[in-house]
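# What the coordinates show
Residue-level listing of the chains:
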Amino acid sequence: MSAFVLKGVSVLGAAPTDLVLRDGAISDTSDKSAEVVDAAGLVALPGLVDLHTHLREPGREDAETVETGSRAAALGGYTAVCAMANTSPVADTAGVVEQVWRLGREAGLVDVQPIGAVTVGLAGKQLAELGAMATSAANVRIFSDDGHCVADPRLMRRALEYVKAFDGIIAQHAEEPRLTEGAQMHEGEVSTRLGLTGWPAVAEEAIIARDVLLAEHVGSRLHVCHVSTAGSVEVLRQAKARGVRVTAEVTPHHLLLTDDLAASYDPVFKVNPPLRTASDVAALREALIEAVVAHASKSVEQLKLVVTGGNEAAHRLYKRLGFEEYGRETRALKYDGRYFDDILMVRFLTVG
Amino acid sequence: MIKHLRSAADLDAATATLILDTAAEMAALAGREVKKLPTLRGRTVVNLFYEDSTRTRISFEAAAKRLSADVINFSAKGSSVSKGESLKDTALTLQAMGADAVVIRHSASGAPHRLASWVDGSVINAGDGTHEHPTQALLDAYTMRSRLGRLDGLRVAIVGDVLHSRVARSNVLLLSTLGASVTLVGPPTLIPVDIAAALEPAEPTRGGKPKETSAKVSYDLDSVLPDMDVVMMLRVQTERMQDSFFPSAREYSRRYGLDLARMRKLPEHAIVMHPGPMNRGMEITPEVADSSRSTIVEQVANGVSARMAVLYLLLGGKA
Amino acid sequence: MASPRADTTIRIILTGSDLHRVVDRIAHQILEKTSGATGTVLLGIPTRGVPLAQRLAARIHAFEGIDVPVGSLDITLYRDDLRLHATRALGKTELPGGGIDGRRVILVDDVLFSGRTVRAALDALNDVGRPSSVQLAVLVDRGHRQLPIRADYVGKNIPTALSESVRVSLTETDGLDEVKLTGGSL
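Sequence positions are assigned chain by chain, starting from 1 and proceeding in written order. Both sets of labels track the order of writing: A upward for chains, 1 upward for ligands. Predicted model: local features are reported for residues with pLDDT of at least 70 only, side-chain atom pairs are reported and counted for 80 or more only, and whole-chain, interface and lining totals are derived from all residues.

## Digging into the packing of helix H5 (residues 134–148) of chain B against helix H12 (residues 296–315) of chain B
Residue and element names in this part refer to chain B. The N-to-C vectors of H5 and H12 enclose an angle of 115°; their axes lie 8 Å apart at closest approach. Considering only the axes of H5 and H12, their crossing is right-handed. Listed contacts from H12 to Thr135, Leu138, Leu139, Asp140, Tyr142 and Thr143 of H5 are Glu298, Gln299, Asn302, Gly303, Ser305, Ala306, Arg307 and Val310. For this classification, Asp, Glu, Lys and Arg are treated as charged, while Ala, Val, Leu, Ile, Met, Phe, Trp, Tyr, Cys and Pro are nonpolar and the rest, including Gly, are polar. Of the residues that constitute the contact of H5 with H12, the class distribution is five nonpolar, six polar and three charged. Interaxial angle, 0 to 180 degrees, is taken between N-to-C directions of lines fitted to C-alpha atoms, where a helix line uses only the stretch in contact. Helix numbers and strand numbers start at the N terminus; a helix is a DSSP run of H or I with at least 4 residues, a strand a run of E with at least 2. Left-handed describes a crossing whose near helix is turned anticlockwise from the far helix by less than a right angle; the clockwise case is right-handed. For every residue pair, C-beta atoms are placed from the backbone, and the pair is scored as a contact if these atoms sit within 7 Å.

## Quick look at the domain arrangement of chain A
Residue and element names in this part refer to chain A. Each domain span listed reflects an automatic or database assignment of domains. Structurally, chain A comprises domain 1 (3–43), domain 2 (45–297) and domain 3 (302–348). Placing the centre of domain 2 and that of domain 3 at their C-alpha centroids yields a distance of 32 Å. Contact residues are listed per partner, giving five residues for domain 2 and four residues for domain 3.

## A look at the pairing of strand E3 (residues 101–106) of chain B
All names here are of chain B. Exposure criterion: with C-beta atoms placed from backbone coordinates, a residue whose C-beta has 20 or more other C-beta atoms within 10 Å is buried, one with 12 or fewer is exposed, and one in between is partly exposed. For E3, the buried fraction is high: six of the six residues fall into the buried class. Across five bridges, the pairing between strand E1 (residues 44–49) and E3 is parallel. Residue pairing for E3: Val46 is matched across the bridge by Val102. One bridge is not enough; two strands pair if DSSP finds at least two bridges between them. Pairing geometry for E3 and strand E4 (residues 122–128), over five bridges, is parallel.

## Remarks on the sheet that holds strand E2 (residues 40–44) of chain C
Residues and elements named next belong to chain C. Strands sit in the order E3-E2-E4-E5-E6 across an open sheet of five strands; the sheet is parallel. What marks the edges here is a single partner per strand, and that holds for strand E3 (70–72) and strand E6 (153–157). Direction aside, neighbouring strands of the sheet carry axes that sit 25° apart on average. Across five bridges, the pairing between E2 and strand E4 (residues 104–112) is parallel. Residue pairing in the sheet places Thr40 in a bridge with Arg104 of E4. On top of the sheet, helix H2 (residues 49–64) reaches E2, E3, E4 and strand E5 (133–141); it is set at about 150° to E2, its chief contact. On the sheet, helix H3 (residues 116–128) packs against E4 and E5 and is oriented at approximately 155° with respect to E4.

## Comments concerning the environment of Ala27(C)
All names here are of chain C. On the secondary structure map, Ala27 appears in helix H1 (residues 16–33). Through-space distance from the C-alpha of Ala27 to that of Leu77 is 29 Å; in sequence the pair is 50 residues apart. If we ignore the near neighbours within four places in the chain, the residues touching Ala27 are Leu56, Arg59, Ile60 and Phe63.

## Some thoughts on unusual backbone geometry
Pro89(A) follows Ser88(A) through a cis peptide bond whose omega is 0°. Following the sequence through the fold, Pro89(A) ends up in the loop between strand E7 (78–83) and helix H2 (94–107). Cis geometry marks the peptide bond from Gly276(B) to Pro277(B); its omega dihedral reads -5°. Among the secondary structure elements, Pro277(B) is positioned in the loop between strand E9 (271–273) and helix H11 (286–289).

## Observations concerning the interface of chain B and chain A
Contacts between the two partners involve 16 residues from chain B and, on the opposite side, nine residues from chain A. The set of elements that each furnish at least two residues to the side of chain B that touches chain A consists of helix H4 (111–116), helix H6 (166–177) and helix H7 (195–198) of chain B. When grouped by side-chain class, the residues that make up the side of chain B that touches chain A number five nonpolar, six polar and five charged.

Below, the structure written as structure tokens:
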């Protein structure tokens, strides 16, 4: 079919080499008829996948479209994105998910995998036609009412059971709606001082606790969207230890920002789930690294990383998680007239 | 001098005392035949009221006019706002008009903060959502000082729906700054658990005393009354019953209402305050509201003096 | 307070006892010019005009047993230069019982300079009541008037340069009685 040679590309940051691609796979034999691509100065990475995006099309094309979203993803090294269902109309039928899938193929930049809604209109009352969406051209396997919680416990149970038939997974936006009415930010000292209705951590933790028990009870997989609290991390840790098939995700802003930023009342800091406290951020960072370590332990003996000297927060975090310094490249980075060391750290894992 | 008054926490002890002292001088104006001062002549003060509040708006209007400022009233009803104009767009219009100060009352906590980033003039918070009402706290402190002669070491109880009360928040902050000690009283559902930590005073009290001025919390009104110099009753809306904050109006007033029997438990000199409007029969009985201990009527008069002092201090000097 | 520069001269214009004699003389002059201070009210302009007014009333009482009502009139809110400085704290305004309507008001201040303070005082007086006449008593007149204002009673005329400062100290406010002239040649 097609063959390409990426000349002079740096694979994962290593010294430049020539990479041969044949019929969509990396090949180790050269091919004289291959199309040559000058890749000097470029880096080759395994394509990143974003499990949770909002492409806003159909309905909010003023904010984003499948094409603009695909373009942004491709520029960032993503080759696949999963598109959430809270569009207008909602992606709760084969028709809408196929439309999104088709738009993705027309844009032709990344794989756009539509996510189907769990309930009709995201209203949380009636199951959407999950089977139809699964067998459609969009081949949906992830279902989520993201933006809304599947709050009714009986409905959540049914959904978890129903998708087993086609190896689907429910991705829950964990937010007990009765505890978060009118909420604008994390419920805590800051919200009390600012006079803003709070979104208590327990509203997320209670749903996750319920859902892992439900998933365990019916023997289903469960995915939890945008986890934001230390308590949630703890619930998930215990569930995984018991063998529940649950996975979770975290957003970049929940790893970096805290609720005191809302003190300016600038609505850009009012997100859902809300920015939380420093101890929540610390717990999420640790959980993320532990998840990487756990995944790596299956096939890897050592996990190495590089920290820039002066980044005390990161250095402390890695030390706390069992990474040791094994080397230092002094003055490895020059920025703004200053020199920074590269600190080399390693954590030894047992092969599981 | 500060530029905006958005929160009682904007005031340190020195500035707050200056406002109270200035208000005392402004109060003398009320006794004169010509109730006018030329001080803010040529300045424009805009009253931007998104919530109905005749009393507060008139108070600010009187304050500005007595200082010879030009006053422009903007109320949400029947204006561009009801057509969906955003606060930001309204702010830009005011900016173009050259408002020296905007007095804003809004149902969203934080509206004065957002407004301050869009206008060049001073922003005065006349009540934002459930966040703060700093001029109310100033007139309350002025009333306490007039009646009782001091604020430092005064023991004040604030009773009622603290969770939803912007008056409570501003009062706790200001009274703590001025050295009074505050006890918050109400059902646990209406007092946030972390309220004391959330409203820590901005600076240590005068004389660098240790921070004993964190607000205290009590769920038992009767045990608190004998030790108080001031009892401030907050308005409690009966609608809160629908959200299960308390089971019934009857149970609320029985446990937390101020009636004659409870008023008699107060020390001889103690005063009863209420920011208004009152729910007679709910948090306060008519006999208590009309008693000689009650400062409810003079709080209104003091409001004009306090607001004159704030306008003078924010607009009366170099921009 | 900035420490005086090496070339700054300090001259004492009035010592404590000079000051007492000057106050006595003004008190006598008031009695003379008003035929016994009938229907007269002394209003001191804060800060130092107030103790001066009280002293004048005390001396008038000492000389002829007459009680002249004394009060204070703060003029901060009537100043024409408010926007040139940070917001100023207010002084106390206290009118004597019986008010000022139909009476002779004698404004009392420590230093007469540009005349703007007195102009503000006249505006304030206008809003407070309707005196039958207004006179002005000052401890020191240092010249450089910017408005057509003159004092009826002057303690001491001191010709000054604009770069110089007249510093009045009174026991009630500053712990001692003294009038100093400070300031270098610029």
